[in-house]
Amino acid sequence: MHLNPRWGNQRLRTIEKRQVEAWVQELEANKNIANSTADGHWKVFQMIMKDALQNGKIDSNPTYEVDGPYVGRSTSYVFTPEECWAIYDEFPKRYRLIPMFGFACGRRVGLHAGFCSRRHHSRCPSQQFPG
């Protein structure tokens with residue numbers, strides 16, 4: 001679900017607050033998108049409407065005083081080394097640096113946050129996900 005399928009054929013001036021509220025309810029009810037994705041759509045839409053208001057394209061902002069979609073707690077996942085290599089193996093050879101860069105960035109964040117040990121070069125999921 002992107003903004004364009006929902007709002008693409010509608011002029012900004014014609015969007016009403018009740019339509020925005022109904023769309024937020026649709027986002028919350030859609031089990032095919034993550035909470036963070038719905039929140040991202042909402043924030044982009046808010047920015048578009050705010051910009052349109054500031055630039056005189058609309059007279060009022062229909063997102064004003066509308067609560068965005070509920071964003072629950074996100075869950076993270078730490079790949080095992082075996083899973084990392086399996087992902088790597090699935091990429092075409094010319095693109096195999098892509099997952100490696102992603103894994104390396106994740107490791108750097110883990111080191112900075114104290115989730116990983118420099119000495120043992122290992123991840124510590126128990127520190128990241130206390131049980």
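Check the entry above for the structure.
Rules and cut-offs
Residues numbered from 1 in each chain as written. Predicted model: local features only at pLDDT ≥ 70, side-chain atom pairs only at ≥ 80, totals over all residues. Heavy atoms only, no water. Helix = DSSP H or I, 4+ residues; strand = E, 2+ residues; numbered from the N terminus. Buried < 20%, exposed > 50% of the residue type's maximum accessible area, 1.4 Å probe, protein only. Contact = heavy atoms within 4.5 Å. Phe/Tyr/Trp six-rings, centres within 6.5 Å; stacked < 30°, edge-to-face > 60°. Lys NZ or Arg CZ within 6 Å of the ring centre and 35° of its normal.

*Asks:* I keep staring at the overall build of the protein and nothing clicks. Help me out?
*Replies:* If you tally the helices and strands in the protein, you get six helices and two strands. Reading the secondary structure of the protein in the N-to-C direction produces α-α-α-α-α-β-β-α. Looking at the protein residue by residue over its 131 residues, the buried ones come to 25%. Relative to all contacts within the protein whose residues are 6 or more apart in sequence, the contacts with residues 24 or more apart total 51%.

*Asks:* It is not clear to me how unusual backbone geometry should be interpreted in this structure. Could you clarify?
*Replies:* In most cases, non-glycine residues show a negative phi, while peptide bonds are predominantly trans. Of note, the phi angle at E65 is positive, near 65°, even though the residue is not glycine. Mapped onto the fold, E65 is located in the loop between α3 (35-54) and α4 (81-90). Since its relative accessible area comes to 60%, E65 is described here as exposed.

*Asks:* Explain the packing of aromatic side chains here, please?
*Replies:* Geometry of an aromatic ring pair is reported as the spacing of the ring centres plus the angle between the planes. Following the criterion strictly, the structure yields five aromatic pairs and no others. An angle of 80° between the planes, with centres 5.7 Å apart, marks the rings of W7 and W23 as edge-to-face. In this pair, W7 sits in helix α1 (residues 3-7) while W23 sits in helix α2 (residues 17-29), placing the two residues 16 residues apart along the sequence. For the residue pair W7 and W23, the accessibility class agrees, reading buried in each case. Aromatic side chains W7 and F45 sit 5.0 Å apart centroid to centroid with 15° between the ring planes, which places their arrangement in the stacked category. Pair noted here: W7 is in helix α1 and F45 is in helix α3, with a separation of 38 residues, a long-range link. With respect to burial, W7 and F45 carry one shared label: buried. Ring pairing ties together the aromatic residues W7, W23, W42 and F45, which thus form one cluster. Its guanidinium or amino end placed over the ring of Y88, R96 lies 4.9 Å from that ring's centre, counting from NZ or CZ.

*Asks:* What is the right way to look at the environment of W85 in this model?
*Replies:* Examined against the element boundaries, W85 turns out to sit in helix α4. Here W85 falls in the partly exposed class, since its relative accessible area comes to 48%. For the pair W85 and M100, spaced 15 residues apart in sequence, the C-alpha separation works out to 9.2 Å.

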